[in-house]
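A closer look at the structure
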There are 2 protein chains.
Amino acid sequence: MVNYGMLEPKEIRELIRNQEITGPTAGMSKGNTQANLVILKKEHAFDFLLFCQRNPKSCPLLDVTEPGSYIPAMIAENADIRKDIPKYRIYRNGVFTEEVADITEYWEDDMVGFLIGCSFTFETPLLESGIPIRHIEENCNVPMYKTNIMSNKAGMFEGPTVVSMRPMTPEDAIRAVQITSRFPAVHGAPIHIGDPGQIGIKDITKPDFGDAVPFKSGEVPVFWACGVTPQAVAMESKPSIMITHAPGHMFISDIKDEAFSVL
Amino acid sequence: MVNYGMLEPKEIRELIRNQEITGPTAGMSKGNTQANLVILKKEHAFDFLLFCQRNPKSCPLLDVTEPGSYIPAMIAENADIRKDIPKYRIYRNGVFTEEVADITEYWEDDMVGFLIGCSFTFETPLLESGIPIRHIEENCNVPMYKTNIMSNKAGMFEGPTVVSMRPMTPEDAIRAVQITSRFPAVHGAPIHIGDPGQIGIKDITKPDFGDAVPFKSGEVPVFWACGVTPQAVAMESKPSIMITHAPGHMFISDIKDEAFSVL
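These lines cover the structure that appears in this document, whether it is placed above or below. (Residues numbered from 1 in each chain as written. Chains lettered and ligands numbered in written order. Predicted model: local features only at pLDDT ≥ 70, side-chain atom pairs only at ≥ 80, totals over all residues. Heavy atoms only, no water.)

Within the secondary structure, G130(B) is located in the loop between α3 (120-128) and α4 (134-137). On the accessibility criterion, G130(B) (55% relative accessible area) is exposed. (Helix = DSSP H or I, 4+ residues; strand = E, 2+ residues; numbered from the N terminus. Buried < 20%, exposed > 50% of the residue type's maximum accessible area, 1.4 Å probe, protein only.)

Residues and elements named next belong to chain B. Locating R166 in the fold gives a position in strand β7 (residues 160-168). Here the side chain of R166 touches E123 through a polar contact of 2.9 Å, side chain to side chain. Sequence-distant contacts of R166, that is, excluding residues within four places in its chain, are made with S119, F122, E123, I133, H135, V142, V220, P221, V222 and W224. (Polar contact = N/O pair within 3.5 Å; in protein donor to acceptor, adjacent residues only side chain to side chain. Contact = heavy atoms within 4.5 Å.)

Tallying the contact residues gives 24 residues for chain A and 24 residues for chain B. For the pairing of chain A and chain B, the buried interface totals around 2,000 Å² over both sides, and the portion due to carbon and sulfur atoms is 67%. Linking chain A with chain B are 2 salt bridges, by the criterion used here. A salt bridge links E66(B) to R54(A); its shortest N-O distance comes to 2.6 Å. The tally of links between chain A and chain B comes to 8 residue pairs in polar contact (both at pLDDT 80 or more). Listing elements by their share of the side of chain A that touches chain B, those giving two or more residues are α2 (42-54) and β2 (61-64) of chain A. Examining the composition of the side of chain A that touches chain B, we find that 7 residues originate from one element, α2(A), more than from any other. Of the residues contributing to the side of chain A that touches chain B, the split by class is 14 nonpolar, 5 polar and 5 charged. (Buried area = accessible area lost by both parts, 1.4 Å probe. Salt bridge = Lys/Arg side-chain N within 4 Å of Asp/Glu carboxyl O. Nonpolar A, V, L, I, M, F, W, Y, C, P; charged D, E, K, R; others polar.)

Rotating chain A by 180° about the axis while translating it 0.0 Å along that axis superimposes it on chain B, leaving an RMSD of 0.0 Å. The superposition operator between the copies reduces to a two-fold rotation axis. Among all C-alpha atoms of chain A, that of F46(A) lies closest to the rotation axis, at 2.5 Å. A shared interface surface links the copies, since 100% of the contact residues of chain A are contact residues in chain B too. (Least-squares fit on C-alpha atoms with pLDDT ≥ 70 in both.)

Another aspect to go through is the sheet that holds strand β8 (residues 192-193) of chain B. All names here are of chain B. With respect to topology, 4 strands assemble into an open sheet ordered β6-β7-β9-β8, the strand pairing being antiparallel. Edge positions in the open sheet fall to β6 (144-150) and β8, since each of these has one partner strand only. Strand direction decides the pairing type here: β6 and β7, joined by 4 bridges, are antiparallel. When the bridges of β7 are listed, Y145 appears paired with V163. In this fold helix α6 (residues 228-236) packs onto β6 and β7, with an angle of close to 150° to the strand it touches most, β7. (Pairing = 2+ DSSP bridges. Axes fitted to C-alpha atoms, helices over the stretch in contact; angles between N-to-C directions.)

Given below as structure tokens:
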């Protein structure tokens, strides 16, 4: 059996392109940064780019393609965002209509691809510092919640910040603040620690996306701004067409995680 | 005599708006972040925003206005970028045509303002760490140079990176790397230390912009990406109209310098 963790990003992307890999990408090409994808038509691109610029914690941009180009040249110059993700979701007027393995036939000459940083990047240094990550231990998706923290509006795009949550001891939480502060390009430091109610989360056992995870005695919830925010916001503003990756089926870039550290 | 360093940003902006302040803004509203300004028409705004996104070290965006809006709401919600800078420069088709104190009559309904971080912000913590800054000691402009480091192109915008230079002892240079790494929103860490020839600078005594400064024995040049880059690049791509601040005549925001530190 092939160890996908040891393959180069280019090799993984080729397996995906040939539809030999069709599942989630967690753990593939270890140490290389994975990204969320949002594709919109040019008419919405300025406003969405501005939305990301105004909300860097939830929408850290790793790359934006030229209008009409499907090559994310800054992070993977041989890639093709129409084919190199295992599963895509198509939204029409804000409604999820279909899931496909290749979007070549959906691609239009005025489309722009937004590659957005993902918390996978900072989970590696957390694990390497000996901080356990519950959803990895439980082998499930990270729990995500809508909050009452409004994003900064830009043109048609507005909506609440979505957060991901990891239970930690207070000691680990402090160390996690230090470690993730080094990675502003992938959400950076947490935006909240402790009482979920303070950011509008009613029931921590019922995430809006992903899976609930158990707490151990003495642990507190630690919340990071989440890359699901821009997708959720774009969806609510109902563009005629929007294409995203399917949850967990990410784009694998040529950039090493450590390259996104500022210190 | 009024001590402009002690006034609130709002008070300074009012004095500027009434043209009671008409000169450079260095040292005013101490501890509040000052910003470079570039105004372009909407037709160029997506490409320019993309250029800044792709070149975050030279073009760290602090705010971008909605098309047609002259209010930089993220960094100063009561400000007006048409009036709150002491001196503006107008460029037509890439040629500098006039310098004015108010651009209300030049403003068009589809203009977008880009507020870009400035090295003033990281000079304060450098000074506070006991690192002398030569151009401040000499009471002149920071020396700036065109390099052979090409920016990442975006649409019509392309060109070389401009750097600012500060002479330092190697020990201070190391400390300066640490300090400025904390401020990715205002150029971040240096992009070069030492031999100017390696980045295409032929004569360190002849800056392309600003003033030459003397070196002391044992000092090396330390180079930061400079906010003049986007202006220079925009000028070369000859948009029908571009408006910028005049050198040294900056926009004073409501945000404290320390708010831009990631650690």
